[in-house]
Amino acid sequence: MPLLIVESPKKAKQIASYLGRDWTVKACFGHVRDLPATKADIPEKYRDQAWARLGINVDAGYTPLYVARAKTGVLTDLRAATKAAGGDVYLASDPDREGESIAWHLSVVLGLKDARRVTYQEVTKTAIQKAIQNPRPINLALVAAQESRRILDRLAGYGVSPLLWDAIGGPQSAGRVQSAALMLLAQREQSRLSFIPSAYWRVTARVGTTPPFNASVQAIRGLPLATAASFTAQGQLKEGLEVAQLDAQKAEGLRGYLEGREAEITSIEVSPITRRPPPPFTTSSLQQAAGARLHLGVETVTRAAQSLYEQGLVTYIRTDSPALSDEALQLARAAVAERFGEDALSPSPRQYATRNSNAQEAHEAIRPAGAFLAPEATGLNGDELALYTLIYTRTVASQMQDALGEKTTITLQAGVVTLGATGTRLTRRGFTALYDDDQKDEDDQALPALTVGQRAPLSGVKAEEKKSSAPARFSEGSFVQLMEKAGIGRPSTYASTLKTLLSRNYVAIRARKLHVTPLGLCVALYLLKQLPQLVDARFTAQMEQDLDAIANGELKRLDYLDRVWRDALKPAIAGAQRTSPRIKVPGREAVFEVRDGQVTLRTAEGAALLPVELLPEDLDERSIPALLAGTWKPGAKSTRRTEESPGRAPTAPAKRKGSTTPRKKRDSTASPRKKASTSGTPSRRKS
DNA sequence: CAGTGAGCGAGCTTCCGCTTGACTT
């Protein structure tokens, strides 16, 4: 009886039901071998080799040392099943680079000669049957590409992390993905800290038509009134821009000028609007939407989505493709027809393509699985119901008609002052009847029917001073999207990369936003100076191109690794400064100095160790003297945390435990600390 | 002579990516 091996047990069950009793279907649970992680993983005979710590014999052509992963039960099970199948084994791991590698490792571990590799794009009976009729050999060039990726990540990660242990202290870490991701956050934090807000004025008035509407001042004597967009991040007026700038006195003068004055409508412009439904979810867009709409963090979303997957309610949750299978398209369209009628359907089925060039598209979009149960019919509750509803409506809405409408822009003149008002109106709701993704514009309003030349008095004139705001911090969900857009990490690692940055104390979550800590800022800026290539997201983009060339046979694995390691990273690591770095605090006359994992703030007035909970944004004219005097208390500024959802709050207290600084090195022997930092965070949650 | 504590030195930390349960607090 032939044996088919897939990665996921859920998938194995599904496929077993398609293939019937003539087949055995087993899961290998992802990778079955890997480089040794710690010394304990290294086999006795290699333990005294100089390269054993890396698990890669660089001098022997970057030969990797592979060891079985902890799940011995899985391997013995697969070996027994292989024997029972008489070696008639089909390797059906995912159709991407990692999947090809898994197939190759399986073929080695199970001793398969002439391994039969099969792939399919969707899990349907016909697709599976077609796949097993067309087996092919393992693509060794693709395996070489994966192996190069693995080796590079190990060399970079295990090569650079010890640099941090020397320079900064503590069990710190660096890597191709986490360091580039940290840098993206640090850059945003820096641009926020150095941002200089600009003041501008907004003057509004009520126009006395029936019914009335609101208009805002656009220009005075034809000169546009300054807005937030008129200024640079340094608080300067953008070059070559001619605008009217008010101060309190002028604003009050303008208010008096307008109050009671008659305005005339000088133009009415109407333009049509078409809005298309957003594509079905991928891992990153689901995180973004669940964060924005349901206020759920990445870990909560991942856990709830995994549960939905295990219940057979949604498809695989780690995907970069928004594509729907033909079967799913039909089911989604049937759901539209049943709920809203045939007229609500888009004229033809909508298929969505990814815009992400790194996408491997081994799975389809995250969508309802099986019978497309309506949310009410699932029997779910809580976060899982909310998440399923989101996935269901987004998928079904993707097959609905566009929303149509019109945008009206009104211009009015009152003496020398020009005012404007906008209003949008939907003439056909289309998909928004089910899934409304409208971003509300504060100026948008319902406008009455108006004609050019019409006159009406202005009243209730208000002049408000506004300040331009710095670029916003990332939420957990938008951080995941940022990583995807930058091309770093994969759907299976977005959540764990964030978790790593949190557990290293490089990043903290406050009021549902990601903040880079002083330690994170120091690590990022240190790496930027010593190893700029590692913190650059383009390093990964270039790696992807080179891996493609290896997979195509155009580039040799050895040549590639020599180029990135022997000729670039290795000498850069050897030449890097290993003394405690001093980093200028952005936007302040002060420096951070970091040693033993602890950050010290140094100013002309003195120095102070920074408490772990202090964030760069807490540093100001009041807190700095308090820190130096030792009287600073946390929470003085950050008390206005948004606690709308008390049930599911805080990851914050759990986080700090595992990664406290090793001030007393003797007390923190390796094993208890490891335990605390790896299992501490999730296990505290349920109590 | 046995027990205690300070001080010293050795060993360890770490990557990315693929998959789920089995462990405690």
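Residues numbered from 1 in each chain as written. Chains lettered and ligands numbered in written order. Predicted model: local features only at pLDDT ≥ 70, side-chain atom pairs only at ≥ 80, totals over all residues. Heavy atoms only, no water.

Caption draft 1: Summary view of the sheet that holds strand β7 (residues 89-91). Across the sheet, which stays open at both edges, the 4 strands sit in the order β2-β1-β7-β8 with parallel pairing between neighbours. The open sheet has two free edges, formed respectively by β2 (24-27) and β8 (116-117), since each of these has just one partner strand. Running over the sheet, helix α2 (residues 72-84) touches β1 (3-6), β2 and β7 and is turned about 160° from β2. (Pairing = 2+ DSSP bridges. Helix = DSSP H or I, 4+ residues; strand = E, 2+ residues; numbered from the N terminus. Contact = heavy atoms within 4.5 Å. Axes fitted to C-alpha atoms, helices over the stretch in contact; angles between N-to-C directions.)

Caption draft 2: Representation of the nonpolar core. Counting residues in each nonpolar core, the largest one holds 80 residues, and the members touching the most others are Phe 479, Leu 527, Leu 531, Tyr 560, Phe 592 and Leu 601. Contacts of Phe 592, omitting those with residues within four sequence positions, involve Pro 518, Leu 521, Cys 522, Pro 581, Arg 582, Ile 583, Val 585, Val 599, Thr 600, Leu 601, Leu 610 and Leu 619. Counting residues in hydrophobic clusters, the runner-up holds 37 residues, among them Phe 281, Ile 317, Ala 344 and Ala 397. (Core = buried A, V, L, I, M, F, W, Y, C linked by side-chain atoms within 4.5 Å. Buried < 20%, exposed > 50% of the residue type's maximum accessible area, 1.4 Å probe, protein only.)

Caption draft 3: Examining helix α10 (residues 326-340) more closely. Relative to the 21 Å expected for 15 residues at 1.5 Å per residue, α10 spans 21 Å between its end C-alpha atoms, a close match to the ideal helical length. Where α10 is concerned, the buried positions are Ala 328, Leu 329, Ala 332, Arg 333, Ala 335 and Val 336. Projected down its long axis, α10 carries its buried residues within an arc of 155°, all on one side. Residues Asp 326, Gln 330 and Glu 338 are exposed on α10 and point more than 90 degrees away from its buried face. Looking at the packing, one finds that the buried side of α10 touches α11 (382-397). Taken from the residues just after α10, Gly 341 is the one with a positive phi, measuring 90°. (Expected span 1.5 Å × (residues − 1). Arc of directions from axis to C-beta.)

Caption draft 4: Fine view of the protein's contact with DNA strand B. Taken together, 44 residues are adjacent to DNA strand B, and Ser 8, His 31, Arg 69, Tyr 316 and Ser 492 come closest. Across the atoms of DNA strand B situated within 4 Å of the protein, the share located in sugar and phosphate is 60%. In the model, a base oxygen of DNA strand B is placed 3.3 Å from a nitrogen or oxygen of the Arg 53 side chain. Interatomic distance of 3.1 Å between a side-chain N/O atom of Asp 94 and a phosphate oxygen of DNA strand B. For the surface near DNA strand B, the secondary-structure elements that each account for two or more residues are α5 (140-167), α6 (176-193) and α9 (298-310). Looking at the surface near DNA strand B, the element that brings in the most residues is α5, giving 9 residues. (Near = heavy atom within 4 Å. Polar contact = N/O pair within 3.5 Å; in protein donor to acceptor, adjacent residues only side chain to side chain.)

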